[in-house]
Amino acid sequence: MIHELLLALSGYPGTIFTCNKRTGLQVSQDLPFLHPSETSVLNRLCKLGTDYIRFTEFIEQHTGHVHQQEHHGAQPSQSGLHGIYLRAFCTGLDSMLQPYRQALLDLEQEFLADPHLSISHVNYMLEQFQLLFPSVMVVVEYIKSQKIHGCQILETVYKHSCGGLPPVRMALEKILAVCHGVMYKQLAAWMLHGLLLDQSEEFFVKQGPSAGGGPPAPEEDDEDLGIGGLSGKQLRELQDLRLIEEENMLAPSLQQFSLRAEMLPSYIPARVAEKILFVGESVQMFENQNQNPSRSGSILKHQEDLFAAELHRLKQQPLFSLVDFENLIDGIRSTVAEHLWTLMVEEADLLGQLKVRVEVMGRG
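Residues numbered from 1 in each chain as written. Predicted model: local features only at pLDDT ≥ 70, side-chain atom pairs only at ≥ 80, totals over all residues. Heavy atoms only, no water.

## Focus on the side chain of Ser-161
Within the secondary structure, Ser-161 is located in the loop between α7 (152-160) and α8 (166-193). Looking at Ser-161, its side chain comes within polar contact range of the main-chain oxygen of Tyr-158, at 2.6 Å. Those residues in contact with Ser-161, other than ones at most four positions away along the chain, are Arg-169, Leu-172 and Glu-173. (Helix = DSSP H or I, 4+ residues; strand = E, 2+ residues; numbered from the N terminus. Polar contact = N/O pair within 3.5 Å; in protein donor to acceptor, adjacent residues only side chain to side chain. Contact = heavy atoms within 4.5 Å.)

This is the structure in structure tokens:
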């Protein structure tokens with residue numbers, strides 16, 4: 001019967017262990033050779049099998065095979081859930097299940113070597129998953145019931161990982177690290193190339209104006225950038241003026257961007273998100289300007305590879321570090337701000353033009 005048990009725990013029920021959608025995996029009731037205590041232990045193990053089956057069904061539903069992807073693409077599934085963050089979550093969830101699969105394989109090997117192993121031994125070997133699976137199932141059910149989308153998945157996994165149970169915390173942190181990989185790829189495209197790769201509206205930067213109810217501009221923008229005494233807020237205003245000045249020339253390619261506040265994880269402050277928005281807008285503005293043959297160069301001073309390597313390094317870290325993350329964002333922003341200062345204030349003499357306009361306006 002141990003073979004049948006291991007098969008059932010692997011997601012393949014039979015006649016001894018049956019499965020239905022409502023009750024999950026259970027021991028058949030008409031087995032006279034089982035003592036009630038054995039039935040109780042087996043049903044406890046069956047709860048693990050039920051969770052495993054539901055995990056694999058969730059993963060299959062939202063990732064599928066290659067031929068299914070070709071036919072359906074990135075369209076929402078029947079549950080309404082879709083997106084690259086969901087697929088990353090499923091990838092992390094699948095990797096979390098690997099130790100469980102390995103434990104079942106080890107038990108099979110042990111049973112082949114010693115056919116007299118008891119059900120209690122199986123229960124003992126799988127005890128570590130009795131706490132883990134129900135806790136992770138809470139996260140899965142929450143994502144399904146609330147239709148959590150995009151970067152909101154980061155927030156959901158992060159909040160559930162802040163508990164006091166080490167196995168649960170470690171497992172969810174590994175899943176979160178996989179999901180962060182998607183965010184870092186979007187950040188690299190946005191901050192280094194001015195590209196917003198977000199077909200399913202999952203990122204916390206969006207194209208278009210702000211909804212109006214977002215958080216106010218953080219005071220952090222008033223810090224001195226070390227560029228002619230210019231603060232972040234002042235440079236942002238100069239950038240906006242530059243955009244207005246070139247509107248007639250570049251109107252078809254200029255696009256407005258803003259933060260999508262509901263997608264911003266709580267562990268990334270609004271001040272950092274504003275810096276990310278500023279860098280991406282600046283890079284895109286400069287790329288638009290480079291359509292003019294008389295202008296060439298790189299707003300990042302050809303340090304794209306260096307910054308990409310730093311983003312990749314952060315992506316490889318098992319835990320998200322706000323200090324390291326913000327330091328890198330500040331470094332990229334300083335490089336961008338210095339170039340914008342040269343471009344808008346020194347080369348274009350924007351301050352001189354503004355002074356002339358103020359004088360003209362003062363004369364009526």
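## Remarks on the pairing of strand β1 (residues 17-20)
The pairing of β1 with strand β2 (residues 24-27) spans four bridges and is antiparallel. Across the sheet, the residue bridging to Cys-19 is Leu-25, located in β2. Taken together, β1 and the strand that follows it, β2, pair antiparallel across an intervening segment of three residues. (Pairing = 2+ DSSP bridges.)

## Topic: the nonpolar core
Core analysis: the largest hydrophobic core is formed by 89 residues, its most contacted members being Phe-89, Leu-126 and Phe-204. Of the residues forming this core, the biggest block, 14 residues, is contributed by α8. In this view, Leu-126 contacts Leu-9, Leu-45, Leu-48, Tyr-100, Ala-103, Leu-104 and Leu-107; residues no more than four positions away in its chain are not counted. (Core = buried A, V, L, I, M, F, W, Y, C linked by side-chain atoms within 4.5 Å. Buried < 20%, exposed > 50% of the residue type's maximum accessible area, 1.4 Å probe, protein only.)

## Remarks on the confidence of the model for the protein
Parts of the prediction with low pLDDT should not have their coordinates interpreted in detail. For the protein, per-residue confidence averages 81 on the pLDDT scale, and residues scoring 70 or more make up 74% of the total. Least confident of the elements in the protein is helix α3 (residues 66-72), whose mean pLDDT is 36; most confident is α7, at 96. Note that pLDDT drops below 50 for residues 65-74; the model gives that stretch seven contacts with residues more than four away or on any other chain. (pLDDT = per-residue confidence, 0-100.)

## Observations concerning the packing of aromatic side chains
The full count for this structure, using the stated rule, is 12 aromatic pairs. Between the aromatic rings of Phe-58 and Phe-89, the centroid separation amounts to 6.2 Å while the plane-to-plane angle is 90°, which identifies the pairing as edge-to-face. One end of the pair, Phe-58, is in helix α2 (residues 36-62); the other, Phe-89, is in helix α4 (residues 84-113), with 31 residues separating them in the sequence. Taken individually, Phe-58 and Phe-89 each receive the classification buried, so the pair is uniform in this respect. Look at Tyr-100 and Phe-133: their rings are 5.0 Å apart centre to centre, the planes differ by 55°, and that puts the pair in the tilted class. (Phe/Tyr/Trp six-rings, centres within 6.5 Å; stacked < 30°, edge-to-face > 60°.)

## Details of the pattern of salt bridges
On inspection of all chains with the given rule, the structure shows 11 salt bridges. Here Glu-141 and Lys-144 are joined by a salt bridge, their closest N and O atoms 3.8 Å apart. Remark: Lys-144 and Glu-141 occur in helix α6 (residues 128-146); sequence separation between them is three residues, near one turn of the helix. Given a relative accessible area of 36%, Glu-141 falls into the partly exposed group. Its salt-bridge partner being Arg-169, residue Glu-173 comes within 3.9 Å of it at the nearest N-O pair. Linking Glu-173 with Arg-169, this pair stays in helix α8, spanning four residues, or about one helical turn. Overall, Arg-169 belongs to the partly exposed group, its relative accessible area being 30%. (Salt bridge = Lys/Arg side-chain N within 4 Å of Asp/Glu carboxyl O.)

## Side note on the environment of Ile-175
Following the sequence through the fold, Ile-175 ends up in helix α8. Separated by 87 residues in the primary sequence, Ile-175 and Ala-88 have C-alpha atoms spaced 8.1 Å apart. Every residue in contact with Ile-175, bar those within four places of it in the chain, is listed here: Phe-89, Gly-92, Leu-93 and Met-96.

## A closer look at α6
A rise of 1.5 Å per residue sets the reference length of α6, with its 19 residues, at 27 Å; its end C-alpha atoms lie 29 Å apart and thus fit the reference within 8%. Of all the positions in α6, only Phe-129, Gln-130, Leu-132, Phe-133, Val-136, Met-137, Val-139, Val-140 and Ile-143 are classed as buried. At its buried positions, α6 is contacted by α2, α4, α5 (119-125), α7 and α8. Lys-147 sits one or two residues past α6 and shows a positive phi near 55°. (Expected span 1.5 Å × (residues − 1).)

## What about the packing of α6 against α8?
Contact geometry for α6 and α8: axes closest at 9 Å, N-to-C directions at 50°. If you check the angle between α6 and α8, you find them oblique. In the crossing of α6 with α8, the sense of the turn from one axis to the other is right-handed. In this structure, α6 contributes Leu-131, Leu-132, Ser-135, Val-136 and Val-139 to the contact, and α8 contributes Pro-167, Val-168, Ala-171 and Leu-172. Of the residues contributing to the contact of α6 with α8, the split by class is eight nonpolar, one polar and no charged. (Axes fitted to C-alpha atoms, helices over the stretch in contact; angles between N-to-C directions. Parallel < 35°, antiparallel > 145°, perpendicular 65-115°, else oblique. Left-handed = near helix turned anticlockwise from the far one by under 90°. Nonpolar A, V, L, I, M, F, W, Y, C, P; charged D, E, K, R; others polar.)

## Notes on α7
Along α7, the residues that are buried comprise Ile-153, Leu-154, Glu-155, Thr-156 and Val-157. Residues of α7 that are buried sit in contact with α4, α6 and α8.

## A closer look at the side chain of Glu-326
Mapped onto the secondary structure, Glu-326 falls in helix α13 (residues 322-347). When neighbours within four sequence positions are excluded, Glu-326 is seen to be in contact with Arg-271, Val-272 and Lys-275.

## Examining the packing of α6 against α7
In the contact formed by α6 and α7, the axes pass within 10 Å of each other and the chain directions differ by 150°. It follows that α6 is roughly antiparallel to α7 by the angle criterion. In the crossing of α6 with α7, the sense of the turn from one axis to the other is right-handed. In this structure, α6 contributes Val-138, Val-139, Tyr-142 and Ile-143 to the contact, and α7 contributes Thr-156, Val-157 and His-160. When the residues that make up the contact of α6 with α7 are grouped by side-chain class, the tally is five nonpolar, two polar and no charged.

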